[in-house]
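# Examining the three-dimensional arrangement
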Amino acid sequence: MSLKVKPFTLFLYAALLVILLLGWPALSKSLMSFPDPLEPLFRKKPEWTGLITLWNVNFIDCGTGSNTRWLNLQVEQFEKQNPGVFIDVRNITPDRMKMYFQGNAGDNVLPDIIALPIYEDIIPHDLLVDLDDFFSQEDLRKLNPVAYKHVVRDGKMIGVPYMMGVYALVFNAQLAHEKEVIIPEGQLDYTFLDSAVRAMTFTEKEGRAEKRYYGFCTYSAPYSRPLLSIIHGNQGKIVDERAYGYLIQWHRAGAFPPGMMDFSYNQAWGLFAGQGRVGVMLANTRAIYQMRALQQSGKGFEIAVKGLPADKKGMFLDQIAAFGILRTDNHVKLELCVSFLKGLLEDKAQQELKSIGMFPVINTVGDIYADDPQMHQLETSLKNYVYGPGDEQAVRLLENEYDRLKQELNTQAIDH
């Protein structure tokens with residue numbers, strides 16, 4: 001008996017065959033993208049499983065809040081890649097960290113990974129793993145030189161830098177406009193900054209009272225000393241006497257609020273943003289994001305953001321965050337700790353620093369703030385920084401000059 005097939009059925013078979021042939025590449029690609037349900041059964045288990053402890057100390061301010069959100073994302077990614085290995089992040093204060101090391105805490109209390117301080121040597125160097133053997137020369141060449149020097153002590157790499165901040169001159173654009181200060185495009189120089197600071201220093205009558213406006217304001221904190229970036233050296237000098245001289249002159253002209261050398265960030269910010277009585281605030285990127293938040297809520301005022309004047313490379317930066325690894329006899333655990341810190345330097349992780357208003361420490365990700373003119377200016381200015389906390393001689397000299405400046409500003413008579 002012969003099997004008869006209707007012409008329409010043959011047409012349907014043919015059409016289906018054509019559709020399968022044309023759509024197979026895309027279909028097969030989609031099928032390959034689905035996870036293999038048997039993969040967990042055959043995935044290679046790590047040689048060690050357990051808990052890695054990390055003490056996170058926010059020695060530097062982020063543009064938005066702290067580094068916790070960004071750090072947790074990196075931890076989550078690492079744990080996915082290493083089943084059975086977990087990282088317990090504990091946020092502690094600098095004072096608590098000091099307490100543990102001054103009290104000779106036992107190994108069972110100390111963490112595996114720890115944040116490195118900016119200036120103080122809270123952690124004995126002999127407790128930190130020398131990481132040189134874990135990083136190739138190619139790895140090191142990717143690091144910003146200032147960030148790398150921050151983690152080198154006595155020729156040993158005692159930690160891994162993972163993000164940088166930067167200082168900026170934040171102008172009260174409204175006050176500048178009222179005083180006919182025209183902020184130029186591009187890089188500023190000290191001649192313009194001097195004229196702007198003086199123009200925005202004045203006293204205004206309010207009835208019988210007087211309201212004082214200050215051309216310049218900044219702050220000082222144990223791990224953030226913006227003025228060190230002003231008295232940095234150019235042209236091979238560590239201390240720039242010209243910039244130092246401008247600070248003295250501004251003080252004599254009454255351009256600084258009284259007690260400024262002992263201001264906290266919040267005190268300086270209150271005078272600048274809360275009262276609107278400061279023309280230029282020298283601050284980190286936190287000030288930019290805080291003002292943006294105020295503007296979104298219908299408060300605040302327009303600002304202009306500029307990098308610090310720099311004739312040549314030679315500026316000083318203390319806003320570098322890094323983690324070190326405390327010594328352990330567990331080599332597998334050590335390698336996992338190193339793997340985690342290396343993961344912080346991956347391009348994707350470094351690009352995600354934009355979410356917290358910070359800057360990469362590697363030079364392979366390009367400009368992450370190309371769509372943000374204010375932050376992009378500061379991103380570009382990073383190439384001007386040469387000195388950092390790792391330059392111990394430079395730090396000593398700058399701190400000596402800072403102490404001298406503070407003494408002079410506290411004793412000089414103001415000449416209005």
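The following refers to the structure shown.

Quick notes on the rules
- Residues numbered from 1 in each chain as written.
- Predicted model: local features only at pLDDT ≥ 70, side-chain atom pairs only at ≥ 80, totals over all residues.
- Heavy atoms only, no water.
- Buried < 20%, exposed > 50% of the residue type's maximum accessible area, 1.4 Å probe, protein only.
- Helix = DSSP H or I, 4+ residues; strand = E, 2+ residues; numbered from the N terminus.
- Pairing = 2+ DSSP bridges.
- Axes fitted to C-alpha atoms, helices over the stretch in contact; angles between N-to-C directions.
- Contact = heavy atoms within 4.5 Å.

## A look at the pairing of strand S10 (residues 278-284)
Among the seven residues in S10, seven count as buried, and that is most of the element. When strand S9 (residues 209-217) meets S10, the two strands line up parallel, connected through three bridges. Bridging from a neighbouring strand, Phe216 pairs with Val280 of S10.

## Points about the sheet that holds S10
Taken in spatial order, the five strands of this open sheet run S8-S9-S10-S7-S11, and their pairing is mixed. Strands at the two margins of the open sheet, each flanked by one partner only, are strand S8 (202-206) and strand S11 (303-306). In this sheet, neighbouring strand axes are inclined to one another by 30° on average, regardless of whether the strands run parallel or antiparallel. Where helix H10 (residues 265-274) meets the sheet, it contacts strand S7 (167-172), S9, S10 and S11, and its direction lies at approximately 150° from that of S10. The strands touched by helix H14 (residues 373-381) are S7 and S11; relative to S11, the strand with the most contacts, the crossing angle is about 20°.

## Focus: the sheet that holds strand S1 (residues 50-56)
Pairing is mixed in the open sheet, where five strands are placed in the order S2-S1-S3-S13-S6. Of all the strands in the sheet, just strand S2 (85-91) and strand S6 (160-164) have a single pairing partner and so form its edges. Ignoring strand direction, the axes of neighbouring strands in this sheet form an average angle of 20°. As paired strands, S6 and strand S13 (residues 320-325) are joined by four bridges and run antiparallel to one another. Bridge pairing in S13 places Pro161 opposite Ala322.

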